[in-house]
Amino acid sequence: MPRTDSIRVHPIEAMGHLAVWAGCYAVGCVLFVAAICGTGLPVRGMVVAFLATTGTYLLDRVGIGHGLPDRADVKSVPRRVHFLRRGIPGIRGIALALLVAAVALVAADGWLVAVIVPAAVVGMLAYGHTPGERRIKDVLLLKNIVVSVSL
């Protein structure tokens, strides 16, 4: 991995590294579905989408254990890998707190709804953290299908 010790990270870039933009995208998806269905502004749904998406993406980016970072991330986004690796285990704790908050917000709607958040984490693990050479995230068409269905 190239040295990035002396590279400063702009706050906008840091927000991207921390999956804030991915969370905003999920909020946009909720708004899109609400508009199509003609419903009111689903504020709680937007908050849950943001928390669950941001938490899941962060957990994917820092990993659940002490292993090495994703080999594809090291090649494609070394600045993000370096930024996040400096913050472990704190960033992992933030990810888990976001996921717990998302579950807490939807738990009132029943256990079937609340299981969606942990299911996202299981899906993330199956998507990119399986051992072996070929993972779902390494197969272009399959990757796109899985990501679109999950959103």
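As a reminder, the structure under discussion sits directly above these lines.
These numbers were taken from a predicted model, which means no experiment stands behind them.

> Tell me about the overall build of the chain, and name the residues and values.
In terms of regular secondary structure, the chain is built from nine helices and zero strands. Each helix and strand of the chain, ordered N terminal to C terminal, gives the series α-α-α-α-α-α-α-α-α. On C-alpha atoms alone, the chain measures out to a radius of gyration of 16 Å, which is about the 15 Å that the 2.2 N^0.38 rule sets for 151 residues. In terms of principal-axis extent, the alpha carbons of the chain reach across some 50 × 35 × 25 Å.

> An account of the pattern of salt bridges is needed here, citing residue identities and associated values.
Oppositely charged side chains can pair when the atoms bearing their charge come close. Under the definition given, this model contains four salt bridges. The shortest N-O distance in the salt bridge between Arg44 and Asp109 comes to 2.3 Å. Here Asp109 lies in the loop between helix H6 (90-106) and helix H7 (111-114) and Arg44 lies in helix H3 (residues 43-62), a separation of 65 residues in the sequence. Accessibility expressed as a relative area gives 44% for Asp109, which makes it partly exposed. With a closest N to O distance of 3.2 Å, Asp73 and Arg80 form a salt bridge. Each member of the pair, Asp73 as well as Arg80, carries the same accessibility label: buried.

> Which residues make up the side chain of Thr56, and what values do they have?
The topology assignment puts Thr56 in helix H3. The residues touching Thr56, leaving out its near neighbours within four places in the chain, are Leu99, Ala120, Val121 and Met124.

> Which residues make up a nonpolar patch on the surface, and what values go with them?
Taken together, the side chains of Leu31, Leu41, Val43, Val47 and Leu105 present a nonpolar region at the surface, about 400 Å² in accessible area. By secondary structure assignment, the location of Val47 is in helix H3. By relative accessible area, Val47 is classed as partly exposed at 36%.

> For helix H2 (residues 20-37), give the residues involved together with the corresponding values.
In this model H2 runs 26 Å from its N-terminal to its C-terminal C-alpha over 18 residues, within 8% of the 26 Å that 1.5 Å per residue would give. Packing partners of the buried residues in H2 comprise helix H1 (11-17) and H3. Looking at the residues trailing H2, positive phi occurs at Gly38, about 70 degrees.

> Can you explain the nonpolar core? Please cite residues and give values.
Core analysis: the biggest nonpolar cluster contains 21 residues, and Leu58, Leu59, Leu84 and Ala102 have the highest contact counts within it. Those residues within four positions of Leu59 in sequence are excluded, and the remaining contacts are Ile64, Arg92, Ala95, Leu96, Leu99, Val121 and Met124.

> Can you lay out the packing of H6 against helix H8 (residues 116-128) for me, pointing to particular residues and giving the numbers?
Look at H6 against H8: their axes get within 8 Å of each other, and the N-to-C directions meet at 145 degrees. Residues Leu99, Ala102 and Val103 of H6 form the contact with H8, whose participating residues are Val117, Pro118 and Val121.

> Tell me about the environment of His17, and name the residues and values.
The topology assignment puts His17 in helix H1. Exposure remark for His17: the relative accessible area of 8% places this residue in the buried category. Sequence spacing of His17 and His82 is 65 residues, and the spatial spacing of their C-alpha atoms is 9.9 Å. Those residues in contact with His17, other than ones at most four positions away along the chain, are Val9, Leu58, Arg61, Arg79, Arg80, Phe83 and Leu84.

Criteria and cut-off values
- Every chain is numbered on its own, with residues counted from 1 as its sequence reads.
- Local features in a predicted model are, by the rule used here, given only for residues with pLDDT of at least 70; side-chain atom pairs are given and counted only at 80 or more, and totals for whole chains, interfaces and linings are based on all residues.
- The side-chain numbers reported here are obtained from all heavy atoms of the structure, hydrogens and water having been left aside.
- For the purposes of this entry, the term helix denotes a DSSP run of H or I that reaches at least four residues, the term strand denotes a run of E that reaches at least two, and both are numbered from the N terminus.
- Our radius of gyration is a C-alpha quantity, and the globule rule it is checked against amounts to 2.2 Å times the number of residues to the power 0.38.
- Salt bridges are counted wherever a side-chain nitrogen of Lys or Arg sits within 4 Å of a carboxyl oxygen of Asp or Glu.
- Relative accessibility thresholds used throughout: buried, under 20% of the residue-type maximum; exposed, over 50%; partly exposed, between the two (1.4 Å probe, protein chains only).
- Only heavy atoms enter the contact rule, under which two residues are in contact if any of them lie within 4.5 Å.
- Patch membership needs two things, relative accessible area over 30% and no salt bridge, and members are linked within 9 Å if like-charged or within 5 Å if nonpolar (Val, Leu, Ile, Met, Phe, Trp, Tyr).
- Here the Shrake-Rupley method, with its probe set to 1.4 Å, supplies the accessible areas, and only the displayed protein chains count as covering residues.
- One less than the residue count of a helix, multiplied by 1.5 Å, gives the span that helix is expected to have.
- We call a set of buried residues a nonpolar core when its members are Ala, Val, Leu, Ile, Met, Phe, Trp, Tyr or Cys and they connect through side-chain atoms within 4.5 Å of each other.
- Lines fitted to C-alpha atoms define the axes here, with helix axes fitted over just the stretch in contact, and angles between the N-to-C directions of these axes take values from 0 to 180 degrees.

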